[in-house]
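# An overview of the molecular structure
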Protein chains: 2
Amino acid sequence: MQDIDIFSKDCPTRFNLSVISGKWGLLIILALADRSLRFSELVRTIGGISERMASQTLKYLERCGVVRRRVVQHAKPPQVYYELTPLGRQFVAPLSQLVEIANRNVDALIYHHD
Amino acid sequence: MQDIDIFSKDCPTRFNLSVISGKWGLLIILALADRSLRFSELVRTIGGISERMASQTLKYLERCGVVRRRVVQHAKPPQVYYELTPLGRQFVAPLSQLVEIANRNVDALIYHHD
DNA sequence: CTGAATCCCTACCGATACTG
DNA sequence: CAGTATCGGTAGGGATTCAG
């Protein structure tokens, strides 16, 4: 714990938070919160996401150790499941809280023009 | 509350979360968590942020009702303080939790190449 | 001190088409 | 079904300069 300062320019934690700073990371993590999903299920679940971004973001989250990819062998057509790792699961609670806050204040939070 | 579905394509909440999805929003909110800061204090606090992005992001957060701008009159040179609104303060707790998780797992979370 | 203005670049992202 | 490949637009962001 000790010397980590998120306000420091080169703080690795700052980079780590990029798992949710993108457009889709947060949504994917929450989509997988309850149960593992197949690729196409995930795409259908998250309205507006393209297959390209689903694939790309999943790969990124996997590389960060947040998501695990599980292939069901001998299945035709192939089945690939995605699920949160224990590490990824830790993010669910605070992210859910953020969403709740945003929901509660959905009227106040709107961008006020001029 | 009721019908808000974050997985729906046009969910306003999804947009609202853009206050933290950028590169600087989360850091600014946490920097202002303890006390209000002047513009240059904020820039110095958050390592690596440019004046341009500080100004731009603050304006954005202000428009969203998360940050309030307070000008001290009759001060020369001018003093401008930024502070969280009650709405903004709600985000502090979950965001702190995210940072803590990222800190705890700073080694595991690193992007794994190949 | 507190920004606004400009320039420019890149990374992100959407759309579409294609593959095993 | 589960992706990859390619193309191109756009918004995010850095560097620098200027202004009240």
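Residues numbered from 1 in each chain as written. Chains lettered and ligands numbered in written order. Predicted model: local features only at pLDDT ≥ 70, side-chain atom pairs only at ≥ 80, totals over all residues. Heavy atoms only, no water.

## A closer look at the overall build of chain A
Counted only if it meets this: Secondary structure elements are taken from DSSP: a helix is a run of H or I of four residues or more, a strand is a run of E of two residues or more, and numbering for both begins at the N terminus. Charge counting treats Lys and Arg as positive and Asp and Glu as negative, with His and both chain ends excluded. For charged residues, the charge sits on one atom: NZ in Lys, CZ in Arg, CG in Asp, CD in Glu.
From N to C terminus, chain A includes 7 helices and 3 strands. If you list the helices and strands of chain A from N to C, you get α-α-α-β-α-α-β-β-α-α. The principal-axis extent of the C-alpha atoms belonging to chain A is close to 55 × 40 × 25 Å. Each charge sign in chain A was given a centre, from 15 positive and 11 negative side chains, and these centres are 11 Å apart.

## As for the relation of the copies chain B and chain A
Rule in force here: For this overlay, a least-squares fit was computed on C-alpha atoms, restricted to residues scoring pLDDT of at least 70 in both copies. Two residues qualify as a contact provided that any one of their heavy atoms is within 4.5 Å of a heavy atom in the partner residue.
Superposing chain B onto chain A takes a rotation of 180° plus a shift of 0.0 Å along the axis, which leaves an RMSD of 0.1 Å. Those values place the two copies in the arrangement expected of a two-fold rotation axis. If distances are taken from each C-alpha of chain B to the rotation axis, the shortest is found for Ser-21 of chain B, at 2.1 Å. A share of 98% of the interface residues of chain B reappears at the interface of chain A, consistent with the copies meeting face to face through the same patch.

## A few points about the protein's contact with DNA strand D
The condition is simple: Proximity is defined per residue: any heavy atom of the residue falling within 4 Å of a molecule or strand makes that residue near it. Definition of a polar contact: a pair of N or O atoms within 3.5 Å, with one able to donate and the other able to accept a hydrogen when the atoms are protein atoms, and with sequence-neighbouring residues admitted only if both atoms are side-chain atoms. Following the grouping adopted for this structure description, the nonpolar residues are Ala, Val, Leu, Ile, Met, Phe, Trp, Tyr, Cys and Pro, the charged ones are Asp, Glu, Lys and Arg, and the polar ones are all others, Gly among them.
The full set close to DNA strand D counts 19 residues, and Ser-55, Arg-69 and Tyr-82 of chain A together with Lys-23 and Arg-52 of chain B are the nearest of them. Backbone atoms, meaning sugar and phosphate, make up 63% of the atoms of DNA strand D lying within 4 Å of the protein. Here Val-80 of chain A contributes a backbone N or O atom positioned 3.2 Å from a phosphate oxygen of DNA strand D. Every element with two or more residues in the surface near DNA strand D is listed here: helix H4 (39-45), helix H5 (51-63) and strand S3 (79-84) of chain A together with helix H5 (51-63) of chain B. The dominant element in the surface near DNA strand D, judged by the number of residues it contributes, is H5 of chain A, at 4 residues. Split by residue class, the surface near DNA strand D holds 7 nonpolar, 5 polar and 7 charged.

## A short note on the interface of chain B and chain A
The following threshold applies: Buried area is a sum: the accessible area each of two parts loses on coming together, probed at 1.4 Å, counted once for each and added. We define a salt bridge as a side-chain nitrogen of Lys or Arg found within 4 Å of a carboxyl oxygen belonging to Asp or Glu.
Counting from both sides, the interface comprises 47 residues of chain B and, opposite them, 46 residues of chain A. When the area that chain B buries against chain A is broken down by residue, the three leading residues are Phe-7, Arg-63 and Leu-109 of chain B, summing to 16%. The interface formed by chain B and chain A contains 0 salt bridges. Between chain B and chain A we count 8 residue pairs in polar contact (both at pLDDT 80 or more) in total. Of all the secondary-structure elements, those providing two or more residues to the side of chain B that touches chain A are helix H1 (12-16), helix H2 (18-21), helix H3 (25-31), H5, helix H6 (86-90) and helix H7 (92-104) of chain B.

## What to know about the pattern of salt bridges
We count it as follows: Note on exposure labels: buried denotes an accessible area under 20% of the residue type's maximum, exposed denotes more than 50%, and partly exposed covers the range between, all computed with a 1.4 Å probe on protein chains only.
Inspection of the entire model under this criterion finds 6 salt bridges over all chains. One salt bridge in this structure joins Arg-68 of chain B and Glu-83 of chain B, with 3.4 Å as the shortest N-O distance. Of the two residues, Arg-68 of chain B is situated in strand S2 (residues 67-72) and Glu-83 of chain B in strand S3 (residues 79-84); the sequence distance between them amounts to 15 residues. A salt bridge links Glu-100 of chain B to Arg-104 of chain B, with the shortest nitrogen-to-oxygen separation between them at 3.6 Å. Linking Glu-100 of chain B with Arg-104 of chain B, this pair stays in helix H7, spanning 4 residues, or about one helical turn. Judged by its relative accessible area of 48%, Arg-104 of chain B is partly exposed. Bridged by salt links that share partners, the residues Arg-68, Arg-70 and Glu-83 of chain A form one connected network.

## Notes on the UniProt feature "domain: HTH hxlR-type" (unreviewed entry) in chain A
Selection rule: UniProt positions are given in the numbering used here, feature names are shortened, and annotations may be inferred rather than shown by experiment.
In the numbering used here, UniProt assigns the "domain: HTH hxlR-type" (unreviewed entry) feature to residues 11-110 of chain A. Helix makes up 54% of residues 11-110 of chain A and strand 14%. Its end C-alpha atoms lie 31 Å apart.

## Brief notes about the environment of Ser-21 of chain A
Position of Ser-21 of chain A relative to the elements: it lies in helix H2 (residues 18-21). Setting aside anything within four residues of it in sequence, one finds Ser-21 of chain A in contact with Ser-21 and Gly-22 of chain B.

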